[in-house]
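# Working through the structure, step by step
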Amino acid sequence: MSLSECIIFTMMKLLHERKKIIKYSLQMLNSGLTTGSGGNLSIFNRREGLIAITPSGVEYPELTIEDIILLDIDENIINSQPNLKPSSEVGFHIALYQKRSDINAVIHTHSPYATTFACLNREILPVHYLVAFAGRKVPLSPYATFGTRELANNIASTIDDYNATLLANHGLIAVGSNIENAFNTAQEIEFVARIYYQSECIGKPSIIPENEMDKVIEKFKSYGSGKK
Ligand SMILES: [Zn+2]
């Protein structure tokens, strides 16, 4: 294979995943889950052993297929534009893929209501049954400086079998078997966080008992992910 053929071959890798990253980056921005170039997304194609991730510092509306960076699970860059670097949070994306084999997509947002609870260092309790997109609650990962190994470790040890976690004084992470599920979870958890906040503004929200949440979690399993 010639050098130019080799470059074209690498550029074609994970084309489907790269297109999806652009689609969901724009959706994240347009649905108010983040602002500017905040947040990041990735998809892990386990068969190819490659991760497609958003680059650092590029505004989402300007993203092109070529801008999406490809890495392996050891963080070696396989394909990137010369002037671009992977998201500064690449460490926690990889930590999550290493921690759980059922995770194939990660979305990180600074969505305002979820981030409000993150800044209060409070978990999101089951005030609304849709919290089941994440699990019985949305746990809180302890604070560490963004982009550090410490933050990645905190997240990996908190997420356990949840599909979302708050990052103290920072934002939210949602994970899924695919990007559609991860995005839905981020969106539904932002809704629950907003309802929780609004409920606290005018009274004391009632928390759904554990045995009732067990039933919801069971129903979610039998309906498949994302059904309600
Ligand atoms: Zn962030």
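It should be noted that the structure appears before, not after, this text.
As the structure is a computational prediction, the values presented were derived from the model and not from experiment.

Here we come to the sheet that holds strand S7 (residues 164-167). Read from one edge of the open sheet, 8 strands run S4-S3-S2-S1-S5-S8-S7-S6, paired in mixed fashion. The sheet terminates laterally at strand S4 (77-79) and strand S6 (140-141), the two strands that pair on one side only. One ladder, built from 4 bridges, connects strand S1 (residues 40-45) with strand S2 (residues 50-53); its direction is antiparallel. By the bridge assignment for S2, phenylalanine 44 is matched with isoleucine 51. Where helix H3 (residues 90-99) meets the sheet, its contacts fall on S1, S2, strand S3 (69-71), strand S5 (105-109), S7 and strand S8 (171-176), and the angle it forms with S1 comes to roughly 35°. Here helix H6 (residues 179-202) sits on the sheet in contact with S1, S5, S7 and S8, set at roughly 145° to S8.

In the first shell of the zinc ion, the protein supplies His108 (NE2), His110 (NE2) and His170 (NE2), at 2.1 Å from the metal. Considered as a linear motif, the donors of the zinc ion on their single chain read H-x1-H-x59-H. With histidine 108 in strand S5 and histidine 170 in the loop between S7 and S8, the pair connects residues that are 62 residues apart, well separated along the chain. Taken individually, histidine 108 and histidine 170 each receive the classification buried, so the pair is uniform in this respect.

On to the layout of surface pockets. Gaps left between atoms show up when a probe the size of a water molecule is rolled over them. When its volume is computed, the second largest pocket comes out at roughly 200 Å³. Lining the second largest pocket are 18 residues, and of these Ser37, Gly39, Asn40, Ser87 and Ser88 lie nearest its centre. Tallied by class, the residues present in the lining of the second largest pocket amount to 5 nonpolar, 12 polar and 1 charged.

Right, let's get into the packing of helix H4 (residues 112-119) against H6. Taken N-terminus to C-terminus, the directions of H4 and H6 make an angle of 65°; their axes are 7 Å apart at the nearest point. The crossing of H4 and H6 is left-handed. Here H4 contributes Pro112, Tyr113, Ala114, Thr116 and Phe117 to the contact with H6, which in turn contributes Glu190, Ala193, Arg194, Tyr196 and Tyr197.

Attention now moves to helix H7 (residues 210-223). Between its first and last C-alpha, H7 extends 20 Å over 14 residues, near the 20 Å set by a 1.5 Å rise per residue. The set of residues buried in H7 consists of Met213, Val216, Ile217 and Phe220. Projected down its long axis, H7 carries its buried residues within an arc of 100°, all on one side. In H7, those exposed residues whose orientation departs by more than 90 degrees from the buried face are Lys221 and Ser222.

The rules behind these values
Per chain, residue numbering runs from 1 following the sequence as it is written. For a predicted model such as this one, the threshold for reporting local features is a pLDDT of at least 70, and the threshold for listing and counting side-chain atom pairs is 80 or more; totals across whole chains, interfaces and linings nevertheless cover every residue. Here the side-chain values reflect all heavy atoms present in the structure, with hydrogen atoms and water set aside. Here, strands pair whenever DSSP counts at least two bridges between them. Secondary structure elements are defined from DSSP: runs of H or I of at least 4 residues count as helices, runs of E of at least 2 residues count as strands, and each element is numbered from the N terminus. Contacts were defined at the residue level, with two residues in contact if any of their heavy atoms lie within 4.5 Å. Axis lines are fitted through C-alpha atoms, for helices just across the contact stretch, and the angle between N-to-C directions can take any value from 0 to 180 degrees. For Na, K and Ca the donor cut-off is 3.2 Å, while for other metals it is 2.8 Å, and in both cases only N, O and S atoms qualify; water is not among them, so sites may look incomplete. Exposed residues in this analysis have more than 50% of their type's maximum accessible area, buried residues have under 20%, and partly exposed residues fall in between, with area computed by a 1.4 Å probe over protein chains only. Only protein atoms enter the 1 Å grid used here, on which a cavity is any set of points holding a 1.4 Å probe that cannot leave and a pocket is any open set flanked by protein within 12 Å on both sides along at least five of seven lines; residues with an atom within 4 Å of a point are listed as lining. Grid points are joined across faces, edges and corners, and a volume is the space filled by probe spheres set on the points. Gly is placed with the polar residues, together with every amino acid not listed as nonpolar (Ala, Val, Leu, Ile, Met, Phe, Trp, Tyr, Cys and Pro) or charged (Asp, Glu, Lys and Arg). Should the near helix be turned anticlockwise from the far one by less than a right angle, the crossing is termed left-handed; should it be turned clockwise, right-handed. Take the number of residues in a helix, subtract one, and multiply by 1.5 Å to get its expected span. Read the arc as the range of directions from the helix axis to the C-beta atoms.

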